[in-house]
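Residues per chain, in single letters:
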Amino acid sequence: MTCFAMLGMPGGIELIVLLLIILLLFGKRLPTAMFSVGKSITEFKKGMTTSIEESLDDDSEKSKPEKSSESSNS
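**Focus on the overall build of the protein**
Here is step 1: Looking only at helices and strands, the protein features four helices and zero strands.
Here is step 2: When its helices and strands are written in sequence order, the protein yields α-α-α-α.
Here is step 3: The buried share among the 74 residues of the protein stands at 0%.
Here is step 4: Counting every atom, the protein has about 7400 Å² of accessible surface; 68% of that belongs to carbon and sulfur.

This is the structure we're talking about:
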């Protein structure tokens with residue numbers, strides 16, 4: 001039964017030790033990685049808002065009656 005207990009989810013102490021090891025190994029690269037993640041999230045949010053705005057603009061243009069091309073050429 002102890003074999004199955006070792007395969008379970010790590011507890012609080014194990015997670016802290018694991019995080020400390022990761023911090024020691026990748027500590028110098030973490031700030032740049034987190035900066036890149038933050039920048040990509042910001043770009044994603046900007047893309048989502050512009051996409052929504054463009055789709056709303058397209059919908060409003062479709063609902064407007066179109067002018068005939070003959071009247072604009074005169």
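**Topic: the confidence of the model for the protein**
Here is step 1: On average, residues of the protein score 79 in pLDDT, and 74% of them reach the 70 mark or higher.
Here is step 2: Confidence, expressed as mean pLDDT per element, reaches its minimum in the protein at helix α4 (residues 69-73) with 54 and its maximum at helix α2 (residues 12-26) with 90.

**A word on a negative patch on the surface**
Here is step 1: Among the surface-exposed residues, Glu53, Glu54, Asp57, Asp58, Asp59 and Glu61 lie close enough to one another that they form a single negatively charged patch.
Here is step 2: Mapped onto the elements of the fold, glutamate 53 is located in helix α3 (residues 30-63).

Procedures and definitions
Residues numbered from 1 in each chain as written. Predicted model: local features only at pLDDT ≥ 70, side-chain atom pairs only at ≥ 80, totals over all residues. Heavy atoms only, no water. Helix = DSSP H or I, 4+ residues; strand = E, 2+ residues; numbered from the N terminus. Buried < 20%, exposed > 50% of the residue type's maximum accessible area, 1.4 Å probe, protein only. Areas by Shrake-Rupley, 256 points an atom, 1.4 Å probe, with all protein chains shown as cover. pLDDT = per-residue confidence, 0-100. Patch = residues over 30% accessible without salt bridge, like charges linked within 9 Å, V, L, I, M, F, W, Y side chains within 5 Å. Salt bridge = Lys/Arg side-chain N within 4 Å of Asp/Glu carboxyl O. Lys, Arg positive; Asp, Glu negative; His and termini not counted. Charge placed at Lys NZ, Arg CZ, Asp CG, Glu CD.

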